[in-house]
Amino acid sequence: MERQIKISIKELRRQRGMTQKELAEKMQVSFQTISKWENGINMPDIIHLPKLAGIFGVSTDVILGLEPLAEKPDWRKLDGADYWNENRELYRIWKSLYWNEDYFSFLVREVWKLDRPVDILDFGCGFGFLGSRFLPLVPEGSSYTGIELDSDELARAEKFFQSTSYQYRFIKEDVYAYQPEKRYDVVVALYLLSYVRHPEQLLEKMKASLKPGGMLLLIDVNMEAEQAGYFSGLEKEENGCRRPDFTGIWENEAAHCERDYRMGTKLPYLLKKCGMKNIEARISDKVIVYDPDDETKKEMNEIFRYVYEHEYSYKEGIGYFLARGAGYQEACSYLDYYRKTKDYFDSAEAFAVKTSGLYFVYAGL
């Protein structure tokens, strides 16, 4: 029995990406106590078993070794094609929801002052979203090159750009394997660094693609800042449904290289580490107001609703949160919040406000 308890606690902790210190804090014991439990020196008191079961989202029989451990959950590979193929439409619309055309125009013309033809290289270009935003704002004679591994996304990009007079080219290649054939005035990436497992390696590749005097531009989010700018009518002054703190879930995702929830804020530091100069950052000023009663916002309302109905659906259910370190009760509260929010957006009184929180981080050689 002692051996079974030791194996169960240690394996459950490791499956959820927890340290002994983190488990000790949840249990309100010392980390030395956790170590003794895991090494079979002592056994947890019977009063500790329900709490351990709640933290790991399993039965006490699993803690005691009377039931087998479930297989270790697979962590999503968000820098692979499979995930994006399943969620392509959602993220295409998500980009449209968060993007601010007038702010980007201001950056191109007034901040970066791109008043001469430039060659632009886009890492992980998808369907060419950034190219379709850049090229109307830069002088004639500019060119756009996109690197993308997904054939379907490249086909969509080709279809759009064929109907324009822009100079463009698409390269079917993994961004890690890409070898620069030339150097570019502007090297960009949108929502890429959050999802790759080796961002510093990729930044070196982007840096090697840049002309002397050129600009490296990275656009990403900080999910904490983004969610701090969110409010819905569910959050009433009395008995309101407040958004739970998802930081622990996000930290676990980052630890397992699913996505880095703070990437937008970390980008200046990463640029400094890879030797970039004159590092600057801006945040989009866009605030999204969801109001189904306002006919002038009809298109934006539909986009907002589509994005949030999919975000709050969570097909994985409670297992999604358990696999990312939440205890059983905590996971239930997360799922309950998502269900209430989805029901709220299905109601006639739905109203919400959200900042886009896009970080534009740029630097030169």
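What you see is a predicted model, and the numbers here were worked out from it, not measured in a lab. (Residues numbered from 1 in each chain as written. Predicted model: local features only at pLDDT ≥ 70, side-chain atom pairs only at ≥ 80, totals over all residues. Heavy atoms only, no water.)

Novice: Summarise the sheet that holds strand β5 (residues 210-221); cite the residues concerned and give the values.
Specialist: Strands sit in the order β3-β2-β1-β4-β5-β10-β7 across an open sheet of seven strands; the sheet is mixed. Edge positions in the sheet fall to β3 (167-172) and β7 (277-283), since each has one partner strand and no second. Going from strand to strand, the sheet's axes swing by 15 degrees on average, the running direction of each strand aside. For strand β2 (residues 143-148) and β3, the ladder comprises six bridges, and the chain directions are parallel. Bridge pairing in β3 places Y144 opposite Y168. Sheet strands in contact with helix α11 (residues 199-208) are β1 (119-123), β4 (184-190) and β5, and its direction is about 145 degrees off that of β5. (Pairing = 2+ DSSP bridges. Helix = DSSP H or I, 4+ residues; strand = E, 2+ residues; numbered from the N terminus. Axes fitted to C-alpha atoms, helices over the stretch in contact; angles between N-to-C directions. Contact = heavy atoms within 4.5 Å.)

Novice: Before we move on, could you go through the sheet that holds strand β8 (residues 287-290) and cite the residues and values that matter?
Specialist: If you walk across this open sheet you meet the three strands as β6-β9-β8, and the pairing is antiparallel. Strand pairing shows two members of the sheet lacking a second neighbour, β6 (230-232) and β8, which therefore form its edges. On average, adjacent strands in this sheet sit at an angle of 10 degrees to one another, irrespective of strand direction. In this sheet, strand β9 (residues 352-355) lies alongside β8 in antiparallel orientation, the contact comprising four bridges. Bridging across to β9, I288 finds its partner in K354.

Novice: For the environment of M276, give the residues involved together with the corresponding values.
Specialist: Of note, M276 is situated in the loop between α14 (263-273) and β7. A residue is classified by how much of its surface remains accessible, and M276, at 2% relative accessible area, is buried. Separated by 89 residues in the primary sequence, M276 and L365 place their C-alpha atoms 5.2 Å from one another. Beyond its immediate chain neighbours, meaning those up to four positions away, M276 contacts K207, L210, L216, L271, A363, G364 and L365. (Buried < 20%, exposed > 50% of the residue type's maximum accessible area, 1.4 Å probe, protein only.)

Novice: How would you sum up the packing of aromatic side chains? Please name residues and give values.
Specialist: Aromatic ring pairs are reported here in terms of the distance separating the ring centres and the angle at which the planes meet. Under the defined criterion, the tally for this structure stands at 31 aromatic pairs. On the numbers, 6.1 Å between centres and 40 degrees between planes, the contact of Y103 with F106 is tilted. Of the two residues, Y103 and F106 are both situated in helix α8 (residues 101-111); the distance of three residues between them amounts to about one turn of the helix. Where F161 meets Y168, the ring centres are 5.3 Å apart and the plane angle is 40 degrees; that geometry is what we call tilted. On the basis of relative accessible area, F161 is assigned to the buried category, the value being 0%. On the accessibility criterion, Y168 (27% relative accessible area) is partly exposed. Members of the aromatic cluster, joined through ring pairs, are W99, Y103, F104, F106, W112, F127, F129, F134, F360 and Y362. The aromatic ring of F127 is capped on one face by R156, whose charged end is 5.9 Å from the ring centroid. (Phe/Tyr/Trp six-rings, centres within 6.5 Å; stacked < 30°, edge-to-face > 60°. Lys NZ or Arg CZ within 6 Å of the ring centre and 35° of its normal.)

Novice: Which residues make up the pattern of salt bridges, and what values go with them?
Specialist: Under the definition given, this model contains 15 salt bridges. A salt bridge links K342 to D346, with the shortest nitrogen-to-oxygen separation between them at 3.7 Å. Relative accessible area serves as the criterion here: at 31%, K342 is assigned to the partly exposed category. Residue D346 is classed as partly exposed on the basis of its relative accessible area of 41%. Taken together, the shared-partner salt bridges in this structure form one network comprising R116, D119, K182, D185 and K211. (Salt bridge = Lys/Arg side-chain N within 4 Å of Asp/Glu carboxyl O.)

Novice: If you had to explain unusual backbone geometry to someone new, which residues and values would you point to?
Specialist: Residues apart from glycine generally show negative phi values, whereas peptide bonds are mostly found in trans. Non-glycine residue Q28 carries a positive phi angle of around 60 degrees. A positive phi is found at K113, a non-glycine position, where the angle reads about 50 degrees. Its location among the elements puts K113 in the loop between α8 and β1. Take K113: its relative accessible area is 48%, and that puts it in the partly exposed class.

Novice: Hey, could you go over a negative patch on the surface for me, with residue numbers and the actual values?
Specialist: A cluster of like negative charges, contributed by E22, E25, E224, D245, E251 and E330, occupies part of the molecular surface. Structurally, E251 is set in helix α13 (residues 247-255). Under the relative-accessibility criterion, E251 is labelled partly exposed at 43%. (Patch = residues over 30% accessible without salt bridge, like charges linked within 9 Å, V, L, I, M, F, W, Y side chains within 5 Å. Areas by Shrake-Rupley, 256 points an atom, 1.4 Å probe, with all protein chains shown as cover. Lys, Arg positive; Asp, Glu negative; His and termini not counted. Charge placed at Lys NZ, Arg CZ, Asp CG, Glu CD.)

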